[in-house]
Each structure stands twice: as structure tokens, then as C-alpha cells.
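# Chain and residue survey
For reference, the chains in residue letters:
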Amino acid sequence: MSIDLHFDLTRPEFHLDIESRIPARGVTALFGRSGCGKTTLLRCIAGLEPTARGRLIVEGETWQDHNSFVPAHKRPVGYVFQEGRLFAHLSVRGNLEYGYRRIPAEQQVVRPQEVIELLGLESLMDRRSSELSGGQRQRVAMGRALLTSPRVLLMDEPLAALDAISKAEILPYLERLHDELSIPVLFVSHAIDEVMRLADHMMLLEDGRLRAEGPLRELVTRSDLPLAQADEASALLEAQVLAHDDDDHVSILGMNGVRLTLLREDLAVGRKVRLSIHARDVSIALSPPRDISVLNCLPVTVTEIFDETRPGEILLGLEVAGQALLARITRRSLRALDLKPGMSVYALIKSVALVG
Amino acid sequence: MIESWIGPQDTAALWLTLKLAAVSTLVLLLLGTPLAWWLARTRARIKLVVETLVALPLVLPPTVLGFYLLLLLGAQGPIQAMGGPAFAFTFTGLVIGSVFYSLPFVVQPLQNAFVSVGDATLEAAASLRAGPWDRFFTVVIPLSLRGFLTATTLGFAHTVGEFGVVLMIGGNIPGETQVVSIAIYDHVEAVDYGSAHVLSALLLGLSFLMLFALYAINGRFKLTTA
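Residues numbered from 1 in each chain as written. Chains lettered and ligands numbered in written order. Predicted model: local features only at pLDDT ≥ 70, side-chain atom pairs only at ≥ 80, totals over all residues.

### Some words on the overall build of chain B
- Check the secondary structure of chain B and you find 11 helices and zero strands.
- In chain B, the succession of helices and strands from N to C terminus is α-α-α-α-α-α-α-α-α-α-α.
- With respect to the principal axes defined by its C-alpha atoms, chain B has extents near 65 × 45 × 25 Å.
- Within chain B, the proportion of its 226 residues that are buried is 40%.
- A separation of at least 24 residues holds for 77% of the contacts in chain B among residues at least 6 apart in sequence. (Helix = DSSP H or I, 4+ residues; strand = E, 2+ residues; numbered from the N terminus. Buried ≥ 20, exposed ≤ 12 C-beta atoms within 10 Å, placed from the backbone. Contact = placed C-beta atoms within 7 Å.)

### Here we look at the overall build of chain A
- Helix and strand counts for chain A come out as nine helices and 21 strands.
- For chain A, whose C-alpha radius of gyration is 23 Å, the value lies close to the compact-globule estimate of 21 Å for 356 residues.
- A burial count over chain A gives 39% of its 356 residues as buried.
- Restricting to contacts in chain A with at least 6 residues of sequence separation, those with at least 24 account for 67%. (Rg over C-alpha atoms; globule rule 2.2 N^0.38 Å.)

### Brief notes about the interface of chain A and chain B
- Of the residues lining the interface, 17 residues belong to chain A; the matching set on chain B comes to 16 residues.
- Every element with two or more residues in the side of chain A that touches chain B is listed here: β7 (77–80) and α2 (92–100) of chain A.
- Residue composition of the side of chain A that touches chain B, grouped by class: 10 nonpolar, four polar and three charged. (Nonpolar A, V, L, I, M, F, W, Y, C, P; charged D, E, K, R; others polar.)

### Notes on the confidence of the model for chain B
Residue and element names in this part refer to chain B.
- Here chain B averages 90 in pLDDT, while 95% of its residues score no lower than 70.
- By mean pLDDT, the top-scoring element of chain B is helix α7 (residues 132–143) (96), and the lowest-scoring one is helix α1 (residues 2–5) (59).
- Complex prediction metrics read pTM 0.84 and ipTM 0.83. (pLDDT = per-residue confidence, 0-100.)

### Looking at the nonpolar core
- Ranked by internal contacts, the top residues of the largest apolar core, which has 153 residues, are Leu30(A), Ile45(A), Leu154(A), Leu325(A) and Leu326(A).
- Counting residues per element, this core draws most heavily on helix α6 (residues 91–127) of chain B, at 18 residues.
- If you count residues domain by domain, this core takes at least three from each of domain 1 (2–216) and domain 2 (234–354) of chain A.
- Leaving out residues up to four positions away in the same chain, Leu326(A) has contacts with Thr221(A), Ala228(A), Ala233(A), Ser234(A), Ala235(A), Ala279(A), Val282(A), Leu315(A), Leu316(A), Gly317(A) and Leu318(A). (Core = buried A, V, L, I, M, F, W, Y, C linked by C-beta atoms within 7 Å. Domains from an automatic or database assignment.)

### Things to note about unusual backbone geometry
Residue and element names in this part refer to chain A.
- Here serine 149, not a glycine, exhibits a phi torsion of approximately 45°, which is positive.
- For serine 149, the position within the fold is in the loop between α4 (134–146) and β8 (152–156).
- One non-glycine residue with positive phi stands out, namely aspartate 291, at about 50°.
- Relative to the helices and strands, aspartate 291 is located in the loop between β16 (282–285) and β17 (296–310).

### Some points on the sheet that holds strand β14 (residues 258–263) of chain A
- Reading across the sheet, the five strands line up as β14-β13-β12-β15-β21 (chain A) and stay open at both edges, with antiparallel pairing between neighbours. Where the open sheet ends on each side, the last strands, each with one partner, are β14 and β21 (353–354) of chain A. (Pairing = 2+ DSSP bridges.)

### Here's the deal with α6(B)
Residues and elements named next belong to chain B.
- Spanning 37 residues, α6 covers only 47 Å between terminal C-alpha atoms, well under the ideal 54 Å at 1.5 Å per step.
- Where α6 bends most, at glycine 118, the angle is about 65°.
- Within two residues after α6, arginine 129 carries a phi angle of roughly 75°, on the positive side. (Expected span 1.5 Å × (residues − 1). Bend = angle between axes of the 7 residues up to and from the residue.)

### Things to note about helix α10 (residues 180–189) of chain B
- For α10(B), the set of buried residues is Val180(B), Ile182(B), Ala183(B), Ile184(B) and His187(B).
- Immediately beyond the C-terminal end of α10(B), within one or two residues, lies Val191(B), with a positive phi of roughly 55°.

### Observations concerning the domain arrangement of chain A
- Domain boundaries assigned for chain A yield domain 1 (2–216) and domain 2 (234–354).
- Relative to domain 2 of chain A, the C-alpha centre of domain 1 of chain A lies at a distance of 34 Å.

### Some words on the pairing of strand β4 (residues 53–58) of chain A
All names here are of chain A.
- Where strand β1 (residues 2–11) meets β4, six bridges bridge the pair, whose relative direction is antiparallel. Following the sheet pairing, leucine 5 is matched in β4 by leucine 56.
- Bridging between β4 and strand β5 (residues 61–65) involves three bridges; their strand directions are antiparallel. Among the inter-strand pairings, leucine 56 is bridged to a residue of β5, identified as glutamine 64.
- What sits between β4 and β5 in their antiparallel hairpin is a turn of two residues, with glutamate 59 showing a positive phi close to 45°.

### Considering the sheet that holds strand β19 (residues 323–330) of chain A
Residue and element names in this part refer to chain A.
- In space, the five strands of this open sheet follow the order β16-β20-β17-β18-β19, with antiparallel pairing throughout. Unpaired on one side and paired on the other, β16 and β19 mark the two borders of the sheet. Going from strand to strand, the sheet's axes swing by 45° on average, the running direction of each strand aside.
- Across six bridges, the pairing between β17 and strand β18 (residues 313–320) is antiparallel. When the sheet's bridge partners are listed, glutamate 304 is paired in β18 with glycine 317. (Axes fitted to C-alpha atoms, helices over the stretch in contact; angles between N-to-C directions.)

### What to know about the environment of Leu275(A)
Residues and elements named next belong to chain A.
- Summarising the element assignment, leucine 275 is placed in strand β15 (residues 272–278).
- When the C-alpha atoms of leucine 275 and glycine 356 are compared, they prove to be 7.3 Å apart, with 81 residues separating the residues in sequence.
- Residues within four places of leucine 275 in sequence aside, it is in contact with Leu237, Ala239, Val352, Ala353, Leu354 and Val355.

### Describing the packing of helix α2 (residues 8–41) of chain B against α6(B)
Residues and elements named next belong to chain B.
- Viewed as axis vectors pointing N to C, α2 and α6 meet at an angle of 45°, and their least axial separation amounts to 7 Å. When the axis of α2 is compared with that of α6, the two are oblique. As α2 packs across α6, the resulting crossing turns out to be right-handed.
- Of the residues belonging to the contact of α2 with α6, the class tally is 19 nonpolar, six polar and no charged. (Parallel < 35°, antiparallel > 145°, perpendicular 65-115°, else oblique. Left-handed = near helix turned anticlockwise from the far one by under 90°.)

Now the structure itself:
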């Protein structure tokens, strides 16, 4: 199942022209700088941009083409706005029920009790939106959208208006959405750490156009895209929790037979996790060094030597257990080790971050 | 009790004034709400002209407004020439005059209230499956309650206080078109200051109470969209 879209929208000093087919499952991030058209694209999908021309087919159902336009209130989408946009005249309960009551009973798949529990809203039900914190407001906005049992959930920078504390409060709920509901999510973000944590798939937008689109893990390490060239470039890897060593307070993760050790995390054995490894935290050795404090030394293959990202510095594309990894080294090291694509070397990984 | 203070003709003038204000306010809310909604939402160029026309009674001498309405609604006026009734010097004529006269006091507060509801909230309602009418009744009206309260109070109070338009279009027929403000004028003309005092004090008290209630309620319930 997929979302097949093509939108063309002209505004003064801005032109959006995007054609794509994205999977109608999992979490897709619409990523790019501010002003690149991410929010506009999301609004087009929701039917909030009636002047946009184009085509939108969601799971085989036409919502828009050259001679039809399903208005916003008839599209089965849930929309979480950046600023929440709760109704000031209704309580939290009233806000949650607003959309729920407006869909036919047989389509009420998502149940209020389920959402109230998932988002931890029990104690807030009788409050007015003016009495809520930013994080609470955003949780209600998500609950309200989910209760319309949408075919796709659209979220416009749901974390952008929040401070660090509220963000930390919301993120676990977003991850639970991801894990527990089968509703596909499209979310807009300009923060790569959020995307790394939540998304499976990514659409990279630039000046109203689609620069690239695909699985997130592939896009973050592709040499022709700005993500891998950025200062904070990092690779995204998937691993499984194998064991915990409580004496040393470390956890052992595995990726296709390759082992990774990191400080003890409270995770069930067997669970799949997502790791991010910064390119600048990876060093290269031709043979596995002994007598070194770095715990993770993985056998890798050099796949690609990128152009200089800044004078004297080179980005290397590596492959470890079938997954892509990035390393940032100096040009002098490149020459000293005489690295070439296809070579088998060792990657010393100084730090691994668990992102979800 | 009231009869011991004011004569039967003044009593009739008082009731007529209240009836006129009540009917005019009702008509104003029915007509003013869609007009204010249109003004709040439209981007048409003609909006500027309509806004100006609505605001005209704020600055125009009421006699000017009354004069044109008299020409329009009176005997040999265009309405009658097209086979309609002559509204001048009738209660209906008074209501028509009052509606024009008090229009800005109803339309402007409503328009401001509707604008402050904002596109953002309406889009949220649309994304929650509410169609246009549904959005208007379940989001716009509840969020505009203060605007409706202001519009109702100002429309009513302003109609109670009118003089010039009523005199031009309604004349001064006791029991039919004579309102309190005109009765007061008559009493003063006849040097009956006692009756003028009673009626004036009544209007002063009534107007004060209505505005006082409005400010008190608006100050207490902050029903804004913020």
C-alpha cells in the first residue's frame, strides 16, 4: 500500500513541485530546511491547500486529481499542528471527542480509552486547554487526531514549539505510537536527531522539490546528499540486544554476528534497537589494535571515499554486517593507510548512541 | 406603580422603545451575523466598500440617514412604486431605520470576534471532520460569545438611544411611533420638566445598567482563542 502524490503549488516567491510514491506504513519524515515546503506538502495532503493542483491517491483511493478535490473535512487524515491548535472553549475531553463523534461508528477503530492510556491523559480530561503545559497540549492534539481513526497521521513539527523538557516528555509517546499503532505517520521535521529517532523512511526536500526519498538508513549515508556531508553526519544502524553484563554494567548488542558493547541500557534481551554512530566518532585501523580503551572494534569494508568535506578532512563510507557506517578521517591518514574502496579494515567506534 | 410617575402616553413610549430595540436587535443579529462572517472571511475588493457603508452610521448625522430612508420607504418612494407597502410612519419603518442606524454596533464586534477565531482553529476543526456549517456552529459561535454579547448589548442600547432617524422616518405618533427620546423632547418643548426628568432618568439608568453588565461580564469571562 502506498501514497501516490503529485502536487504543484505556486505562491509569490515559492514554487512547490513534488511527485513521489511513499509507503503507507511506518513513519516517514519530511525533512529539509525551513521554507523548503515540508509543511506545505503536508497541508496539501490534508486538503488544506485548495489551490494546489495535482494528484493524491491514498491506498488506491483518489483524494485529488485534475477534476476532483475531496475537501479537508472529508479526508480520513489526522493532523497534528505545530502549535496544537486545541479548541479553547472545550475541555480536554471535549477536544478529544470532537473528531471522534464526527466519524461513523463503524469507522471508530481507535478507542478513546486506548488513546487516553497511550498518551497518559487520564488526569487531564476535565482541564481547559489554557491550563495545560506545551507538552500536555501536544499530547491532547495527538490524541484528538488519532481518535478520528485516520488512514494516515500527519504531524507538522509536533515537537518544534516545545522546550527540551517537554520534548523529552513527548518523544516516548511518539515512539509508542510508532510501535503500537499500525497507522502510517508522515511527520515534518528540521531536526535530524528527531528524524533519526522516529522515522523509517525519509523524503528530503529542497526549495519546494524532492531531492531524495527512501529508507532513512540509506539516505543518511548517501554521499550525494547533504546529510552525510554535514558536520554532524552519522549512520543509523539496527541491532539486537543479546545480553547484559551486570558486573561491568554493559549491554552487548549484535548485528549479523558482529558484536557491539555499550553502557548498560535497560532493554529486554532480543529487542531490536536503533543506533546512531557519528562519523567523527569512528577511526580506522588496518589491524585490530590491542591495548586500547575503545570497546568496539568492528571488521568493516571500505565502500566509498567521499570528496573532502572540508580542507584536509575526508569522509569514508564503510560497510559493517550489511549496514552502512561513516567515518571521518584526515586526508593525511587516508594517504598513510593507503585506503582504497574494497579494502577490509577495522573501525574503532568511540561512542554509540541508542536512538530508539 | 410606574403609572403614578409617568402618564399613559409615556408608558406607551417606553414599551414601544423596548419593543423596537428588542426587534431591531434580533433582526440585526440575524442579518449582521452572516454579513460580519462574510466581512471577516472575504478577500474580495468590494469588502472595503461594504465595510465603509456599514461604518457610515457612526459618523453620519442620523437625520441624513433618516432623510434618505424616508425618501426610500415613504409614499411615492421606490419601494411603494414597485408595489410594496409604505413603511414610513409605521413600526416596521422604525425597525428598518434602527437596523441601519445600529448596524455598525452589531457588525463590528461580530466581525472582530470572527477574525480572532482565526484560520488556524478552523483548519483544526476541518481536519477533525467538521464541515463548514458544523465549524461555524461548534467552533466559531462558541469562541465568539463575547462578540455576540457585545453586539447584542450595543445594538440594543444604541437603538434605545436613537432620536434623529426615528423622528425622520417614524414621525411622532403617540402609541405608534413615539419612542422615549422623542417623548422627552416633547416634554421639554412643552416645559414639562418633571416628566422629562422621569423619562431621562429611566433611560440613563437603563443604559448605564446595560453597559455595566456588558463590561462586568466581558471582564470576568476570558473566552478568547489564545
